[in-house]
Amino acid sequence: MLFDGIVGNEHVKQQLREALTKGSLAQTVMLAGPAGAGKKALAREAAAVLLEDHRGLALRGEHPDLTEIDEGEAEIKVETARRIRQEAFTSPGEAPRRVFIICHMHNANANTQNALLTLLEEPPSGVVFFLLTENPAQILQTVRSRSLILYTQPPETADALALLRKACPQADAAACDAALKACGGYPEAARAYLEQQGADEGSREKAGELLALLDAGDELKFWSVMSGLEKSKRDEFTRIMNAQRQLLRDELAARAAGEKPRYARLDSMKLLDIAELAGELALRCSNNNVHPAHLCGAYAAAVFGGR
């Protein structure tokens, strides 16, 4: 049966199932719920029905008449709304209609939402919009009033735990239970939470390794480790730099409290300089999209300079 592959959200699935079966689905559907609540999976499966897709392309977001807008946490600007409008008035290539899935709709600025509003007020025949949002309160009332709003709910705890244990077999039961509680009972959100925890722990270990090498004065090994980071992804490098900054701040706080220093060969001014540099590089890497390859050498040279 339709949506049976999606665990939880029974009331949402039932409403969508009935509307799709009767051919009465609203042209604008807003799916609201936290990240990892299964909003995109619901929208894609509904899109597969609307597009009469028997090849599974829509379920992977690859159907030619399905347009997905996902800017992550970046602002959705008015240029995107103009592109959506242009595509909405373009005839579908092979399906009976066109479907748009706009993720993180709450990140659309006011100009973007107003530009989309004119399209939602009088949408072209055969065009359906799915607006996905983690915060419907940030969406203009005029946009919300033209949408069928469906709120997600987590699956039963036992089902959610079973899904999470299957997705994260390396995590023990206590960690899975804690992750589910932290994420409101949504298994996909909890999976991302556990993965982020693992990534953060790995970043702290790498940051500690670099500081230990710096403290030992092992410049050759330090350069070797930094060279390995040149191929890392921006988010990974950013996490390591932020972790290093936090470790250095903890060290400075411990020294101020009279505790035994962990990196005894580095004076406090040096630690402060490195912490500021790590924070600056993390910011450049994340905000300015500077690749780690352009930062690693400069970082190694800077932290060993003046030793």
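For the structure itself, consult the block above.
Residues numbered from 1 in each chain as written. Predicted model: local features only at pLDDT ≥ 70, side-chain atom pairs only at ≥ 80, totals over all residues. Heavy atoms only, no water.

Peer 1: I tried to follow the environment of Gln15 on my own but got confused; where do I start?
Peer 2: Position of Gln15 relative to the elements: it lies in helix 1 (residues 10–22). Judged by its relative accessible area of 39%, Gln15 is partly exposed. Spatially, the C-alpha atom of Gln15 lies 9.1 Å from that of Leu25, the residues being 10 residues apart in sequence. (Helix = DSSP H or I, 4+ residues; strand = E, 2+ residues; numbered from the N terminus. Buried < 20%, exposed > 50% of the residue type's maximum accessible area, 1.4 Å probe, protein only.)

Peer 1: Would you explain helix 3 (residues 78–88) in this entry?
Peer 2: One turn of the α-helix equals 3.6 residues, which is why residues spaced by three or four share an orientation. Where helix 3 is concerned, the buried positions are Val78, Thr80, Ala81, Ile84 and Ala88. Along the axis of helix 3, the buried residues cluster in a sector spanning 150°; they form a single face. Exposed and facing more than 90 degrees away from the buried side of helix 3 are Arg82 and Gln86. Where the residues of helix 3 are buried, they touch strand 2 (66–69), strand 3 (98–102), helix 4 (110–121) and strand 4 (127–133). (Arc of directions from axis to C-beta. Contact = heavy atoms within 4.5 Å.)

Peer 1: Help me out: how do you make sense of the pattern of salt bridges in this one?
Peer 2: For side chains bearing opposite charge, pairing can occur when the charged atoms are close. For the structure shown, the criterion picks out 16 salt bridges. Ionic pairing is found between Arg55 and Glu94, a salt bridge with its closest N-O pair at 2.3 Å. Of the two residues, Arg55 sits in the loop between helix 2 (39–50) and strand 2 while Glu94 sits in the loop between helix 3 and strand 3, which places them 39 residues apart along the sequence. Of the charged contacts in the structure, one is a salt bridge between Asp65 and Arg98, with a shortest N-O distance of 3.8 Å. Of this pair, Asp65 sits in the loop between helix 2 and strand 2 while Arg98 sits in strand 3, and the two are 33 residues apart along the sequence. Using a relative accessible area of 1% as the deciding quantity, one classes Asp65 as buried. Ionic contacts of the salt-bridge type, sharing partners, join the residues Lys40, Arg44, Glu68 and Asp70 into one network. (Salt bridge = Lys/Arg side-chain N within 4 Å of Asp/Glu carboxyl O.)

Peer 1: Would you mind showing me how to read the layout of surface pockets here?
Peer 2: Remark: the empty space left among the atoms is shown by a probe the size of a water molecule rolled over them. Taken as a whole, the largest pocket holds about 740 Å³ of empty space. In this structure, the largest pocket is lined by 28 residues; those nearest its centre are Gly36, Ala37, Gly38, Lys39 and Glu188. Sorting the residues of the lining of the largest pocket by element identifies helix 2, helix 6 (157–167) and helix 8 (187–216) as the ones contributing at least two each. A per-element tally of the lining of the largest pocket places helix 8 first, with 5 residues. (1 Å grid on protein atoms, 1.4 Å probe; cavity = no way out; pocket = protein on both sides within 12 Å on 5 of 7 lines; lining within 4 Å. Points joined across faces, edges and corners; volume = space filled by probe spheres on them.)

Peer 1: I would appreciate a short explanation of the pairing of strand 3 in the present structure.
Peer 2: Look at any regular strand and the pattern is simple: side chains alternate between the two faces of the sheet. Burial of strand 3 is extensive: 5 of the 5 residues sit out of reach of the surface. Side chains of strand 3 alternate between two faces, with Arg98, Phe100 and Ile102 and Val99 and Ile101 buried alike. As judged from the 4 bridges shared by strand 2 and strand 3, these two strands associate in the parallel manner. Counted as the bridge partner of Thr67 is Phe100 from strand 3. What joins strand 2 to strand 3 is helix 3, and the crossover it makes is right-handed. In this structure, strand 3 lies alongside strand 4, joined through 5 bridges in parallel fashion. Paired with Ile101 across the bridge in strand 4 is Phe130. Between strand 3 and its parallel partner strand 4, the chain crosses via helix 4, and the hand of that crossover is right-handed. (Pairing = 2+ DSSP bridges. Right-handed = clockwise from strand over helix to strand, strands pointing away.)

Peer 1: Please explain the packing of helix 7 (residues 173–182) against helix 8 as it appears in this structure.
Peer 2: To describe two helices that pack against each other, one gives the angle between their axes and the distance between the axes. Where helix 7 contacts helix 8, the axes come no closer than 8 Å and their chain directions differ by 115°. Classified by chirality, the crossing of helix 8 by helix 7 is right-handed. In contact with Ala175, Cys176, Ala179, Leu180 and Ala182 of helix 7, helix 8 contributes Pro187, Ala190, Tyr193 and Leu194. (Axes fitted to C-alpha atoms, helices over the stretch in contact; angles between N-to-C directions. Left-handed = near helix turned anticlockwise from the far one by under 90°.)

Peer 1: Any chance you could explain the packing of helix 10 (residues 234–256) against helix 11 (residues 268–287) here in plain terms?
Peer 2: With their axes 8 Å apart at the nearest point, helix 10 and helix 11 run at an angle of 155° to one another. On the basis of their axis angle, the class for helix 10 and helix 11 is roughly antiparallel. Considering only the axes of helix 10 and helix 11, their crossing is left-handed. Together, Arg234, Phe237, Thr238, Met241, Asn242, Gln244, Arg245, Leu248, Glu251, Leu252 and Arg255 of helix 10 and Ser268, Leu271, Leu272, Ile274, Ala275, Ala278, Gly279, Leu281, Ala282, Cys285 and Ser286 of helix 11 make up the contact between the two elements. A class-by-class count of the residues in the contact of helix 10 with helix 11 yields 12 nonpolar, 6 polar and 4 charged. (Parallel < 35°, antiparallel > 145°, perpendicular 65-115°, else oblique. Nonpolar A, V, L, I, M, F, W, Y, C, P; charged D, E, K, R; others polar.)

Peer 1: In this structure, what is going on with the environment of Gly38? I would like to understand it.
Peer 2: Residue position: Gly38 is located in the loop between strand 1 (28–32) and helix 2. Since its relative accessible area comes to 25%, Gly38 is described here as partly exposed. Along the sequence, Gly38 and Ala174 sit 136 residues apart, while their C-alpha atoms lie 23 Å from each other.

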